[in-house]
Amino acid sequence: MTLIEARGLACRFGPKEAVKGLDLSLSEGELVGLVGPDGAGKTTTFRMLVGLQKPSGGQLIRNLDRTGISYVPQTFSLAPELTVAENMRLQARLFDLRDPASRIERLLESVDLAPFRDRPSGALSGGMKQKLSLCAALLTEPRLLLLDEPTTGVDPVSRREFWALLHRVHDDGVAILFSSPYMDEAEYAHRMLLMHEGRILQEGDLASFRRGLPGLVVRLVSTRRREAQKAVAALEPLDLFAEGEIIRARFPAQDPAPLLARLAALPGVEQARLSEPNLEDVFLHTLAEAGGGHG
């Protein structure tokens, strides 16, 4: 069953069109990622889906009542001066939930927040705040959970813990739509929507993205990255991405052995090998195809 559907959804702020003709459909049991950099239009899309922002155009169909959809915004939105337990009780009152005490306790225990029930929410760590926000969102037992960049600013350990929680929530039958700028995190999704400058550029799963990516992806290691990156760029790869000591480059389809030998001989390159495409490679290619360019 389709829970929510957007057709040609648009949102304009003065002369700026933040979302442009967006088509999106979410069904029961799905785990979908909306992936894109800051400014892509992800937060505006979420605010329209949940009813906090009026669309400028298009059609939005929700087959859910008020309690059937829950939204966790990017920034912590619960009252920092209230304790963990007080915030949960307040949320229960806002939704007129009857006898919520046992459900509140179960939720807090499920995310290891029960020992902190009397701590002011503003004094929690970033990861604990996200867990509390998730508990508050799950109070109404929603069928659809919207999470806007849920792990931005959260340490790597807390990110893993939070995703373990989300997988449990999904296994319990809750459909999830999340947004993320992190390509590695986006790969948790069963289906991904690649978004840039207000538009969905491509939709699919990682396997279909990989099948559709032409050429060879090469992973290079260098402790002299700037020197190596300049040398690799001179070979005119289709895409080039560098982070830390790792350089990833995509070249047109060809016999890989001579290419790898040539790359390994470049100044500053210590290792060169073929690599399976990741979502970063797909996104760079998608941007180039759409005329968005990249650096």
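This section reports on the structure supplied with the text. (Residues numbered from 1 in each chain as written. Predicted model: local features only at pLDDT ≥ 70, side-chain atom pairs only at ≥ 80, totals over all residues. Heavy atoms only, no water.)

1. A few points about the overall build of the chain
If you tally the helices and strands in the chain, you get ten helices and 13 strands. Overall, the chain is about 70 × 45 × 35 Å in size when its C-alpha atoms are taken along their principal axes. Pairs at least 24 residues apart make up 71% of the contacts formed inside the chain by residues separated by at least 6 positions. Counting every atom, the chain has about 14,200 Å² of accessible surface; 48% of that belongs to carbon and sulfur. Charge-centre separation for the chain: the mean point of 35 positive side chains lies 3 Å from the mean point of 39 negative side chains. (Helix = DSSP H or I, 4+ residues; strand = E, 2+ residues; numbered from the N terminus. Contact = heavy atoms within 4.5 Å. Areas by Shrake-Rupley, 256 points an atom, 1.4 Å probe, with all protein chains shown as cover. Lys, Arg positive; Asp, Glu negative; His and termini not counted. Charge placed at Lys NZ, Arg CZ, Asp CG, Glu CD.)

2. Details of the sheet that holds strand 1 (residues 2-13)
Pairing in this open sheet of three strands is antiparallel, and the strands run 2-1-4 from one edge to the other. The sheet terminates laterally at strand 2 (16-27) and strand 4 (57-62), the two strands that pair on one side only. Across the sheet, the mean angle from the axis of one strand to that of its neighbour is 15 degrees, orientation sign disregarded. Inspection of the sheet shows strand 1 paired to strand 4 by five bridges, in the antiparallel sense. Note on strand 4: the bridge partner recorded for Ala10 is Gly57. Taken strand by strand, helix 1 (residues 42-50) contacts strand 1, strand 2 and strand 4, and its axis lies near 125 degrees from that of strand 1. (Pairing = 2+ DSSP bridges. Axes fitted to C-alpha atoms, helices over the stretch in contact; angles between N-to-C directions.)

3. Topic: the sheet that holds strand 10 (residues 216-221)
Taken in spatial order, the four strands line up as 11-12-10-13 in an open sheet, and their pairing is antiparallel. Looking along the sheet, the strands with just one partner apiece sit at the ends: strand 11 (239-243) and strand 13 (271-274). Adjacent strand axes in the sheet meet at a mean angle of 20 degrees when their direction is disregarded. Pairing of strand 11 with strand 12 (residues 246-251), which is carried by five bridges, proceeds in the antiparallel orientation. In the strand pairing of strand 12, Leu240 is matched with Ala249. Of the strands in this sheet, strand 10, strand 11 and strand 12 are in contact with helix 10 (residues 279-290), which crosses strand 11 at around 135 degrees.

4. Side note on the packing of helix 3 (residues 101-110) against helix 4 (residues 126-138)
The contact between helix 3 and helix 4 brings their axes to 10 Å, and the two run at 145 degrees. For the crossing formed where helix 3 meets helix 4, the hand is right-handed. Residues Arg103, Leu107 and Leu108 of helix 3 form the contact with helix 4, whose own contacting residues are Leu132, Cys135 and Leu138. Residue composition of the contact of helix 3 with helix 4, grouped by class: five nonpolar, no polar and one charged. (Left-handed = near helix turned anticlockwise from the far one by under 90°. Nonpolar A, V, L, I, M, F, W, Y, C, P; charged D, E, K, R; others polar.)

5. Some words on the pattern of salt bridges
Within the structure shown, the criterion is met by 15 salt bridges. Its salt-bridge partner being Glu105, residue Arg117 comes within 2.4 Å of it at the nearest N-O pair. Of this pair, Arg117 sits in the loop between helix 3 and helix 4 while Glu105 sits in helix 3, and the two are twelve residues apart along the sequence. Glu105 gets classed as partly exposed once you look at its relative accessible area, which sits at 25%. (Salt bridge = Lys/Arg side-chain N within 4 Å of Asp/Glu carboxyl O. Buried < 20%, exposed > 50% of the residue type's maximum accessible area, 1.4 Å probe, protein only.)

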